[in-house]
Amino acid sequence: MLDNYKSFEEKKTILQLNCENGLNGHEIIDTIEDFDKITNILEQGNYIYRGINEAKFKCYSSAQRNKICNLSFWNKINLNDPKYDEYLDALKIYLYERGILGDNLPDIMHKAIRICINELRSNDRFRMFFSERDIVLTDFFIMSVMQHFVNFSPLLDFSLSLNKALFFATYNSKINGSEMIDNYISLYYIRKDIDWIEATLQKVNKEAAFNADKMLNEEIKKGVNVSYKDFWQKTSGLLFEEYIGGPDFICVEGPEGGITSVNMPKMGLSCEYDMRQPRINCQDGLFIFNYDEKIPLWEKINNGKDSTRNFIRCIEINKELIPYIKEKRLDPNNINYQTVYYPDESSRELEEIVNEVFS
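Quick summary incoming for the structure in this document. Throughout, a residue's number is its position along its own chain's written sequence, starting from 1. In keeping with the model being predicted, local features are shown solely for residues with a pLDDT of at least 70 and side-chain atom pairs are shown and tallied solely at 80 or more, while totals for entire chains, interfaces and linings include all residues. Only hydrogens and water are set aside; all other atoms, that is, all heavy atoms of the structure, feed into the side-chain values.

Further remarks concern the overall build of the chain. Strands here are runs of E lasting at least two residues and helices are runs of H or I lasting at least four, both read from the DSSP assignment and numbered beginning at the N terminus. Looking only at helices and strands, the chain has 16 helices and nine strands in total. Each residue's exposure class comes from its accessible area (1.4 Å probe, protein chains only) as a fraction of the maximum for that residue type: buried when under 20%, exposed when over 50%, partly exposed otherwise. Split into buried and exposed, the 359 residues of the chain put 52% on the buried side. Any two residues having at least one pair of non-hydrogen atoms within 4.5 Å are treated as being in contact. Nonlocal contacts in the chain, meaning residues at least 24 apart in sequence, comprise 80% of its contacts between residues at least 6 apart. The Shrake-Rupley method, run with a 1.4 Å probe sphere, supplies the accessible areas, and residue values consider only the shown protein chains as cover. On the chain, roughly 17000 Å² of surface is accessible, and the fraction owed to carbon and sulfur atoms is 47%.

Pasting the structure below:
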């Protein structure tokens, strides 16, 4: 079973935050007046948001939820398929040679994620769908599809849109349970201008390629025989295993950042990181990657050893305000289940392909 928060008192132990821009680290909202005041402050700032329809739920990724609860998705993949053992043996060597994962194979959750990535990448209809849209199938792009159409990935959805995060917080939320925390939804938010949000996976790789190209150029000028093949395979491939054991969490930019071109001009090489797919487009989405098997994202960030790191903050909103939120913010902006999950026919087509792969 998933470990939920039992009370707001328990939840607050994670939040040792000072007031910032008129907002405390943990706010409990019970009135329309307070809701309007807080949301107006947020809209004047620069934040990314995540809405959760039960305040007691922790910020687990879908992969964590599946593994901890042993949900039915596990029945759709064969963790003991010999072809994946062979692949993982090759992956182990690749990563070990680069000093990334030592000599350890990815654990069972990571193995399942790798199986899903490969199943999708090897499907002809899936490849064609994105080939027609000139999108390269990197691991992180495929995981974004898994997040939205398979409900199994180490990525957690965030949105640049306060209103769309409020949709996810209010959708399918019901007043149930006897504890105070059962009567609230949660809106998490993070300042967008902090360093680890701005240093997205795409930007870091772009900068790495630029610096490597510059370094290689200097070495060539000195007459050094330089081999760049392995570096380029790593940079252009974006294997998600390369980030396991690295930073605790990584921001993965969504469509707002456009297509990120990664170039090594001296070598005549280039590739593109593109996160466009139907649902992330209409949800104004981006992701934070948490590779951990057990620790939820909020606790992983806020309990870090670095006392100067920036934190996720949280607003608890009384469920009795949900009708007002729909009337004031969702309905006027045409934000509903249909527009968020099925914005066009391409979304339905992609869902059909993914369901076919994992049927």
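Moving on from the model shown.
What follows deals with the environment of Lys-319. Secondary-structure assignment places Lys-319 in the loop between strand S9 (313–318) and helix H14 (322–330). In this structure the C-alpha to C-alpha distance between Lys-319 and Ala-55, which are 264 residues apart in sequence, comes to 9.9 Å. In contact with Lys-319, other than residues within four places in its own chain, are Asn-53, Glu-54, Ser-173, Lys-174, Ile-175, Asn-176, Asp-182, Asn-183, Tyr-184 and Ile-185. Counting of polar contacts relies on pairs of N or O atoms within 3.5 Å, with two restrictions inside protein: one atom must be capable of donating a hydrogen and the other of accepting it, and residues adjacent in sequence are counted only when both atoms are side-chain atoms. At a separation of 2.8 Å, a polar atom in the side chain of Lys-319 contacts the main-chain carbonyl oxygen of Asp-182.

This part is about the nonpolar core. Residues belong to one nonpolar core when they are buried, are Ala, Val, Leu, Ile, Met, Phe, Trp, Tyr or Cys, and are joined through side-chain atoms within 4.5 Å. If you look at the biggest cluster of nonpolar residues, it comprises 44 residues, and the most contacted ones within it are Phe-126, Met-146 and Phe-152. Secondary structure elements with two or more residues in this core: helix H5 (108–121), helix H6 (124–131), helix H7 (139–150), strand S5 (250–252), strand S8 (285–289) and helix H16 (345–357). The biggest single contributor to this core is H7, with eight residues. Excluding residues that lie within four positions of it along the chain, Phe-126 makes contacts with Leu-120, Arg-121, Leu-137, Ile-142, Val-145, Leu-350, Ile-353 and Val-354. The next biggest cluster of nonpolar side chains, apart from the first, holds 27 residues, and it includes Ile-29, Leu-166, Phe-167 and Tyr-341.

The salt bridge definition used is simple: a Lys or Arg side-chain nitrogen within 4 Å of an Asp or Glu carboxyl oxygen. On inspection of all chains with the given rule, the structure shows 22 salt bridges. Across the salt bridge formed by Arg-127 and Asp-124, the nearest N and O atoms sit 2.6 Å from each other. You can see Arg-127 and its partner Asp-124 sitting in helix H6, three residues apart, about one turn around the helix. The class for Arg-127 is partly exposed, based on a relative accessible area of 35%. For Asp-124, a relative accessible area of 53% puts it in the exposed group. By sharing partners, the salt bridges in this structure join Asp-3, Lys-6, Lys-58 and Glu-299 into a single network.

With that out of the way, let us pick up the layout of surface pockets. By volume, the largest pocket amounts to about 1000 Å³. The wall of the largest pocket is formed by 37 residues, among which Arg-50, Arg-65, Asn-151, Phe-168 and Tyr-341 lie closest to the centre. Looking at the lining of the largest pocket, the elements that each hand over two or more residues are strand S2 (47–52), helix H3 (62–69), H7, strand S3 (155–159), helix H8 (162–170), S8, helix H15 (337–341) and H16. A total of five residues in the lining of the largest pocket trace back to one element, the largest contributor, which is S3. Three categories are distinguished: nonpolar for Ala, Val, Leu, Ile, Met, Phe, Trp, Tyr, Cys and Pro, charged for Asp, Glu, Lys and Arg, and polar for the others, with Gly belonging to the last. Looking at the lining of the largest pocket, its residues break down into 18 nonpolar, 13 polar and six charged. A cavity here means a set of points on a 1 Å grid, drawn over the protein atoms and nothing else, where a 1.4 Å probe fits but cannot get out; a pocket is an open set with protein on both sides within 12 Å along at least five of seven lines, and a residue lines either one if it has an atom within 4 Å of a point. Grid points are joined across faces, edges and corners, and a volume is the space filled by probe spheres set on the points.

Moving on, we get to the packing of H5 against H7. In a packed pair of helices, the relevant descriptors are the angle between the two axes and the axis-to-axis distance. Contact geometry of H5 with H7 gives a least axis separation of 10 Å together with a crossing angle of 95°. The angle between H5 and H7 falls in the class roughly perpendicular. Residues Ile-113, Arg-114, Cys-116, Ile-117, Leu-120 and Arg-121 of H5 touch H7, and the partners they reach there are Asp-139, Ile-142, Met-143 and Met-146. Its residues placed into classes, the contact of H5 with H7 shows seven nonpolar, no polar and three charged. Axes here refer to lines fitted to C-alpha atoms; in helices the fit is confined to the stretch in contact. Angles between the N-to-C directions go from 0 to 180 degrees. In these notes the angle categories are as follows: under 35 degrees is roughly parallel, over 145 is roughly antiparallel, 65 to 115 is roughly perpendicular, and the rest is oblique.

In this section: unusual backbone geometry. Negative phi is the rule for most residues except glycine; trans is the rule for most peptide bonds. Despite not being glycine, Asn-151 shows a phi value in the positive range, around 60°. On the secondary structure map, Asn-151 appears in the loop between H7 and S3. By relative accessible area, Asn-151 is classed as partly exposed at 40%.

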